[in-house]
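# Descriptive analysis of the structure
Residue-level listing of the chains:
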Amino acid sequence: MKRFFKGIAALLMLVSLAPSASAATFKDAGTFSKEIDYLTNAGIIMGFPDGTFRPDLPIKRVDAVRMIMRELDEPLGQSPNPNFKDMPVGSKGYDEVAKAVELGIISGKPGNIFDPNGNLTRAEMATVLVRTYNLSGIYPKGFTDVSLQYWGYPYISSLAANNITIGYKDGTFKPTLTISRAHFAAFMTRIIEPSFQPDNPEVADTYLEALYDVNAIDYDMDPAKPIIYVLDGATNEVAAINYETYEVVSSLALPLPAERIAYANNKIYVTQQKRAHSHYWFDKDQEGAFAVVDAVTLKIEKSIQINLDPYDIEADDKGVVYISSGSGQHTRVESFNSQTGALLSSQGIYEQGLIELNPSQNKLYTISTGLSPRDFGAYSITEGVLGPEADSPYHGEYTLGKDLTLSPDGKYIFNSTGHIFRASAGATSDMTYFAKLDRPYSAIAFDTEYGELYTSNNQKYIQAYDYQTMDAIGQMTTYGNVKKMFYDQNSDTLLAFTTVYLGKSTVPFTGLEVVYFDTEE
């Protein structure tokens, strides 16, 4: 099976599917003769009785709709009457316009008219084509003459994000300019046959689908629903983002400062700090809490007070919560029953240790963030009870970053320096060195079905690797610096949260960029 992200797929089509040279269908086709020929051969363009196309004439609104309906090949003649005053039943293009209204592609003009012989502007062209072909995406570079408040901005931005338009050399789009017959044909052809698309390095391999005004400091993904939970450090809220609709479906303001969240079995567990972390806030005086949140309603079910300063948090499917302390130097990691609040176990850990639950939920891994050289270890778990820490066999042999990620199959421990260690049930092979990626990273995601993993190091590209060999196999460009990534196996998409700037603005947004994969059997 071959597998490509859409950027590569389009490049392959450009090489293999580009139309061969042939005599022009119309003697006056001009600059876009190949695109005009393509649409003519597809039965979409008819031309004039004298054998001309007249490419520089403005395209009439009714003619644009007729071209689209021919390409869609929708059945005509049964659509409700749109009751446009200037398009009676039986008039030229009536059936096509009625169908376009039924499909939601057009809606007419004020006064209940369609203006069939009126000229189409470039902004109207963008609107019609985006609606027709369900194009999405945001083009963050934008155009100097299309403001965020302009009615046509979403459509023009989506058209550019799909590499259908690159605008003019001076950075403008000229939205109110009448579009010619040749230009409309060119834009339409680029959509239905990607090999005609221009070479524009400003268009990323991802689709920037949404922008959020959040300062995301932690994330977790719902394994069953298209929801990613984001902890907003600016507002101290947990927000649920639907990554299919891109909506923030709900949010929850937290009563105490939060640093980490963990999702398990329809619950979100959130650390709740009562004081700032300190080397000198020792065990006997520590206090804090963790909140148990219903992931469906995003309402707090309970807040459990603990004698620990919470730093990192994990949770299993049985409702056992694991929390490491953020203070006191040589301190504790503990497990709690989230139903009763009972302390189940306590083991030693150095302050501000990050923790990661093995997918089998029978082992908890940790890495220190304040020690040099940095060290990692593991705790066995039996019915929610932590065993003593098993120390890593390495102490300074491998440079380690302040992170720890377990692969979804539970086989490997990944560190941001690129070092990979085995995660094994057996003590002799657990945490032993396995391999190293060719570069460090700050974000990582796994596609277990196709055997790939993806990393980024806070840059505008994503590196793909073969999961078996750990060899680099390709790169994908993004619009923003990548902060966090998730892979959705159900939709075969890679989701990247990035820091994005619009145009020349210095205001950062959190972008949700998506890589859609194409597969060939």
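Just above, that's the structure.
So, here's what we can say about the structure. (Residues numbered from 1 in each chain as written. Predicted model: local features only at pLDDT ≥ 70, side-chain atom pairs only at ≥ 80, totals over all residues. Heavy atoms only, no water.)

## A closer look at the side chain of Glu 259
For clarity, the threshold we go by: A helix here means a DSSP run of H or I that spans at least four residues, while a strand means a run of E at least two residues long, and both kinds are numbered starting from the N terminus. Each residue gets one of three labels from its accessible area relative to the maximum for its type: buried under 20%, exposed over 50%, partly exposed in between, using a 1.4 Å probe on protein chains only. For the purpose of charge, His is not counted, nor are the chain termini; Lys and Arg are scored as positive and Asp and Glu as negative. Here, a salt bridge means any Lys or Arg side-chain nitrogen found within 4 Å of an Asp or Glu carboxyl oxygen. Polar contact is defined as a pair of N or O atoms within 3.5 Å, subject to the rule that within protein one atom must be able to donate a hydrogen and the other to accept it, and that residues adjacent in sequence are counted only when both atoms are side-chain atoms. Whether two residues are in contact is decided by their heavy atoms, any of which lying within 4.5 Å being enough.
With respect to the helices and strands, Glu 259 occurs in the loop between β6 (248–253) and β7 (261–264). Buried and unpaired, Glu 259 has Arg 260 as its nearest opposite-charge partner, separated by 4.8 Å. Within the structure, Glu 259 has its side chain in polar contact with the side chain of His 277 (distance 2.6 Å). Here Glu 259 is in contact with Ile 217, Asp 218, Leu 231, Thr 271, Gln 273, His 277, Pro 310 and Tyr 311, once residues within four sequence places are set aside.

## A short note on the side chain of Asp 430
Assignment of secondary structure puts Asp 430 in the loop between β21 (419–422) and β22 (433–436). A polar contact is formed between the side chain of Asp 430 and the side chain of Tyr 365, at a distance of 2.7 Å. Here the side chain of Asp 430 touches Ser 424 through a polar contact of 2.9 Å, landing on its backbone nitrogen. Leave out the neighbours within four places in its chain, and Asp 430 touches Lys 363, Tyr 365, Ala 378, Pro 393, Arg 422, Ala 423 and Ser 424.

## Examining the pattern of salt bridges
For the coordinates displayed, the defined rule picks out 16 salt bridges. A salt bridge links Arg 439 to Asp 438, with the nearest nitrogen and oxygen atoms 2.9 Å apart. Overlapping salt bridges, with partners in common, bring together Asp 283, Arg 332 and Glu 334 in one network.

## Digging into the sheet that holds strand β9 (residues 288–294)
Worth spelling out the cut-off: Pairing between strands requires that DSSP locate at least two bridges from one strand to the other. Lines fitted to C-alpha atoms define the axes here, with helix axes fitted over just the stretch in contact, and angles between the N-to-C directions of these axes take values from 0 to 180 degrees.
An order of β7-β8-β9-β10 is seen for the 4 strands of this open sheet, with the pairing classed as antiparallel. The open sheet has two edge strands, β7 and β10 (299–306), and neither has a second partner. Direction aside, neighbouring strands of the sheet carry axes that sit 20° apart on average.

## Some details on the packing of helix α3 (residues 61–72) against helix α5 (residues 122–133)
For any two helices packed against each other, the geometry is given by the interaxial angle and the distance between the axes. Condition: Oblique is the label for any angle not under 35 degrees, not over 145, and not in the 65 to 115 range, which are roughly parallel, roughly antiparallel and roughly perpendicular in turn. A clockwise turn of the near helix away from the far one marks a right-handed crossing, whereas an anticlockwise turn of less than a right angle marks a left-handed crossing. Three residue categories are used. Nonpolar comprises Ala, Val, Leu, Ile, Met, Phe, Trp, Tyr, Cys and Pro, charged comprises Asp, Glu, Lys and Arg, and polar comprises the others, including Gly.
The interhelical angle for the contact between α3 and α5, taken along N-to-C directions, is 20°, at an axis separation of 12 Å. The angle between α3 and α5 falls in the class roughly parallel. Like other packed secondary-structure pairs, α3 and α5 cross with a definite hand, here right-handed. Across from Arg 61, Ile 68, Glu 71 and Leu 72 in α3, the residues of α5 making contact are Glu 124, Val 128, Leu 129, Thr 132 and Tyr 133. Broken down by class, the residue content of the contact of α3 with α5 amounts to 5 nonpolar, 1 polar and 3 charged.

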